[in-house]
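Coordinates in review
If you want the building blocks of each chain, they are given just below.
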Amino acid sequence: MLLFAAGAARAQSDDPLRVIVFGAHPDDAELKAGGVASLWSQEGVAVKFVSTTNGDIGHFEQSGGPLAQRREAEVSACADIFGITTEVYDIHDGELMPTLENRRKVVRSIREWDADIVMAHRRYDYHPDHRYTGELVEDAAVTVVAPFFEALTPGVDSNPVFLHLYDGFQKPYPFQPDLVVGIDEAAEAKWDCIRAMPSQFADADSWQGRYLPNVPEDAEERAEYILDYMKTRSAAVADKYRDRLIELYGEEKGRAIVYAEAFEICQYGRRPSEEELMALFPAFDE
Ligand SMILES: [Zn+2]
């Protein structure tokens, strides 16, 4: 545990910062935290992405075991690009439930990774798998430090910091941008990761291939078109929270940042000060 050090010290430490990110599907953590994960990994921080479902239904032509295997191979390719570790729970897409079994599973993952920072969706998200991932991880914020819950998996030394991944939903309350991280230095890695997930972002029968308007028929043009759309989503986070970027990075850099990822401090788990949180994240200590 090294919660107060700046990035440079972390990279040289024998006990570097450890981060685990839970997304519901094999692309959520990559889209919401791929940039920051790539920046962290360059600083020597150990990052793991967990997909709490295997993504075996979110396609209009393929499904089942073969699609789950394809999804896992895709996020493994992303993990290589980002320099991180990845795991896909073998739970059917669209069927994740906030059960005791899954609470135990999430707690074991956090403990086995010895995480200092845990990220997940908010529980106010459009997809039930996103919502229940948020709920399961929030439930872990107390049980992970209870030594006799899953007593045979050694506990974390202290309660991790829990953060929520960005979403645009407004009810019952909108996402609060406690931390907005400029990811321009890692943007190419993030785009390479999106290129490495054709089942999500290139197939004619992928989710985006079906639902984005005016998608080209040519396969290469379609992949570039969808990638360009995904770039606008990272740019929209920077534009939406421009004032916060300026507060965090100063006027000049805060205005120049093109792409960003945003995080909200969960009300459960350890609640760090803003200064402390900034010291944990990459790119604020330059
Ligand atoms: Zn998802």
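This text gives an overview of the structure that appears in the document. In this text, all values refer to a predicted model and were calculated from it rather than measured experimentally.

Another aspect to go through is the packing of helix α4 (residues 100–113) against helix α5 (residues 128–143). For the pair α4 and α5, the least separation of the axes is 9 Å and the interaxial angle reads 65 degrees. Of the two elements, α4 crosses α5, and the hand of that crossing is right-handed. Here N102, R103, V106, V107 and I110 of α4 lie close against α5, whose contacting residues are L136, V137, D139, A140 and T143. Taken together, the residues of the contact of α4 with α5 break down into six nonpolar, two polar and two charged.

What follows is about the environment of S38. Of note, S38 is situated in helix α2 (residues 28–42). Among the residues examined, S38 registers 25 C-beta atoms within 10 Å and is labelled buried. A sequence separation of 41 residues divides S38 from A79, and the C-alpha atoms of the two residues are 9.1 Å apart. Among all residues touching S38, those that are not within four sequence positions of it are F82, G83, A186, A189 and K190.

The subject of this paragraph is the nonpolar core. Membership of the largest hydrophobic core comes to 75 residues, with the highest contact counts inside it found for V19, I20, V21, I110, V118, M119 and A260. Beyond its immediate sequence surroundings of up to four residues, M119 is in contact with V21, F22, A33, L163, L165 and F263.

Take the pairing of strand β5 (residues 161–165) next. Of all five residues in β5, five are buried, a share of seventy percent or more. As paired strands, strand β4 (residues 117–120) and β5 are joined by four bridges and run parallel to one another. By the bridge assignment for β5, V118 is matched with F162. In this fold, the crossover linking β4 to β5 by way of α5 has right-handed handedness.

Another point: the packing of helix α6 (residues 187–195) against helix α9 (residues 219–240). With their axes 10 Å apart at the nearest point, α6 and α9 run at an angle of 135 degrees to one another. Viewed along their axes, α6 and α9 adopt a mutual orientation that is oblique. Between α6 and α9 lies a crossing of right-handed hand. In this structure, α6 uses W191, I194 and R195 to contact α9, whose residues at the interface are A223, L227, M230 and K231.

The next thing to look at is the environment of A202. Following the sequence through the fold, A202 ends up in the loop between α7 (198–201) and α8 (207–211). On a C-alpha basis, the gap between A202 and R222 in space is 6.2 Å, while along the polypeptide they are 20 residues apart. Look past the residues within four positions of A202 in its chain and what remains in contact with it is R222, A223 and I226.

What counts, and at which threshold
- Residues numbered from 1 in each chain as written.
- Predicted model: local features only at pLDDT ≥ 70, side-chain atom pairs only at ≥ 80, totals over all residues.
- Axes fitted to C-alpha atoms, helices over the stretch in contact; angles between N-to-C directions.
- Helix = DSSP H or I, 4+ residues; strand = E, 2+ residues; numbered from the N terminus.
- Left-handed = near helix turned anticlockwise from the far one by under 90°.
- Contact = placed C-beta atoms within 7 Å.
- Nonpolar A, V, L, I, M, F, W, Y, C, P; charged D, E, K, R; others polar.
- Buried ≥ 20, exposed ≤ 12 C-beta atoms within 10 Å, placed from the backbone.
- Core = buried A, V, L, I, M, F, W, Y, C linked by C-beta atoms within 7 Å.
- Pairing = 2+ DSSP bridges.
- Right-handed = clockwise from strand over helix to strand, strands pointing away.
- Parallel < 35°, antiparallel > 145°, perpendicular 65-115°, else oblique.

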